[in-house]
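This is what each chain is made of:
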Amino acid sequence: MAPIRFKLRTLLAAACAAGALAAAGLAQAQNAAPPAHYKAEYRLSLVLGTAYPWGKGGEIWANLVRERTQGRINIKLYPGVSLIQGDQTREFTALRQGVIDLAVGSTINWSPQVKQLNLFALPFLLPDFAAIDALTQGPVGKDLFNTLEKSGVVPLAWGENGYREISNSKKDIRRPEDLKGMKIRVVGSPLFLDIFTALGANPTQMSWADAQPALASGAVDGQENPLAVFMASKLQTVGQKHLTLWGYIADPLLFVVNKDVWASWTPADRDIVRQAAIDAGRQQVGIARKGLVETDKPLVKELTGLGVTVTQLQPAEREAFAKATRPVYDKWKSTIGADLVGRAEKSIAERKPQ
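Quick caveat, the model's predicted, so the values are computed rather than measured.

**Quick look at the overall build of the protein chain**
Move 1: Of the regular secondary structure elements, the protein chain holds 15 helices and nine strands.
Move 2: Residues counted as buried form 51% of the 354 residues belonging to the protein chain.
Move 3: Long-range pairs, those at least 24 residues apart, make up 74% of the contacts in the protein chain between residues at least 6 apart in sequence.

**Some points on helix α12 (residues 298–305)**
Move 1: Along α12, the residues classified as buried are Leu299, Val300 and Leu303. Projection of α12 onto a plane perpendicular to its axis shows the buried side chains occupying an angular sector of 100°, all on one side. With respect to the buried face of α12, the exposed residues turned more than 90 degrees away are Lys301 and Gly305.
Move 2: For α12, the secondary structure elements touched by its buried residues are α9 (227–233), β8 (242–258) and β9 (309–312).
Move 3: Following α12 by one or two positions, Gly307 has its phi on the positive side, about 90°.

**Observations regarding the nonpolar core**
Move 1: Core analysis: the biggest nonpolar cluster contains 110 residues, and Trp61, Leu119, Leu126, Leu179, Trp246 and Trp265 have the highest contact counts within it.
Move 2: Looking at this core, the element that brings in the most residues is β8, giving 11 residues.

**Some details on the environment of Pro213**
Move 1: Residue placement: Pro213 occurs in helix α8 (residues 208–217).
Move 2: By relative accessible area, which is 48% here, Pro213 ends up partly exposed.

**Things to note about unusual backbone geometry**
Move 1: The phi angle at Phe124 is positive, at roughly 65°, despite the residue not being glycine.
Move 2: Using a relative accessible area of 11% as the deciding quantity, one classes Phe124 as buried.

**Quick notes on helix α5 (residues 129–136)**
Move 1: Extensive coverage of α5 is indicated by the burial of seven of its eight residues.
Move 2: The complete set of buried residues in α5 reads Phe129, Ala130, Ala131, Ile132, Ala134, Leu135 and Thr136.
Move 3: Buried residues along α5 sit in contact with α6 (139–150), β4 (153–168), β8, α11 (267–289) and α15 (338–349).

**Description of the side chain of Ser189**
Move 1: Looking at the secondary structure, you find Ser189 in the loop between β5 (183–186) and α7 (190–198).
Move 2: Its relative accessible area of 0% is what places Ser189 among the buried residues.
Move 3: Ignoring anything within four residues of it in the chain, the contact list for Ser189 reads Ser111, Asn118 and Gln205.

**Remarks on the packing of aromatic side chains**
Move 1: Overall, the coordinates contain 14 aromatic pairs when judged by the stated rule.
Move 2: Geometrically, the ring pair formed by Tyr42 and Trp265 is edge-to-face, given 5.3 Å between the ring centres and 75° between the ring planes. Of the two residues, Tyr42 is situated in strand β1 (residues 42–45) and Trp265 in the loop between α10 (259–264) and α11; the sequence distance between them amounts to 223 residues. Accessibility classification places Tyr42 together with Trp265 in one group, the buried group.
Move 3: Relative to Trp110, the ring of Phe92 has its centre 5.3 Å away and its plane inclined at 50°; by these criteria the two rings are tilted.

Cut-offs and rules
- Residues numbered from 1 in each chain as written.
- Predicted model: local features only at pLDDT ≥ 70, side-chain atom pairs only at ≥ 80, totals over all residues.
- Heavy atoms only, no water.
- Helix = DSSP H or I, 4+ residues; strand = E, 2+ residues; numbered from the N terminus.
- Buried < 20%, exposed > 50% of the residue type's maximum accessible area, 1.4 Å probe, protein only.
- Contact = heavy atoms within 4.5 Å.
- Arc of directions from axis to C-beta.
- Core = buried A, V, L, I, M, F, W, Y, C linked by side-chain atoms within 4.5 Å.
- Phe/Tyr/Trp six-rings, centres within 6.5 Å; stacked < 30°, edge-to-face > 60°.

Below is the structure:
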């Protein structure tokens, strides 16, 4: 009988162990299950898709959140600002209204609703990447986060679209006079109209979706965008054979959540989403700067290999553009807030070189 009793005890112990494992698995599943009021899907708006560093940042964020919340928060990407029929200037308003749940958005596109975000578009304010970091990662960046929170959204982290360079189909641009009469596509921001008007150009506002066919047809002569956008869009194939690196403005990105959506999540999940945004932002900035921060700038070499004439302005040449646009800088300084601009200028002057 002893062997039979032993076998029974062994089977009973195994059954108990299996039951404990099943109970633990059930508890884990229950812990991973989202609260009943969570949405099955959260909509993340992007202007550019995952072929671009911008869209890649959204993808990284969504994946990190899904992984770290064990699927409780499922984020779907909507590139091309498809949730608002492609009108990128309406993105911030739609985010506040709840049409959009989350966004990785541009300071430029949101500046019509939040005037302080025009700071980064002040012409020739930011001389290098260290200057961008001095603002986004310092007191000025925190002040802008506070401003955004008062505007009805929850900002979590900074990303980067990059320095905006100018290209065209006609000639090399080295002097302000070279832009005279040239039709340049710009985003829907009054500050951009002022900058290019001051340089004698004919700025034309249109969405990025409309810009590429306009370049191909010759309806516009040129455009201004980061090099990563130029490369991913293959703008050399639509006549953009002349590119000038002038770094006239930078375009930081913001990882943001709708206020009501944010409030609906548990404190633990909010912490996860915030940290995921910070981690995704860091990765995204690295992707956006790849090929530009290296000494030999391989991205520039690649463009030259594609038949693009790349003009790198000398300091004196860049200063000529800065001087020509200084009245625009002074005008918008008061619109943005002289105190904010002053603190930004101080942070840049005190920045640590990279």
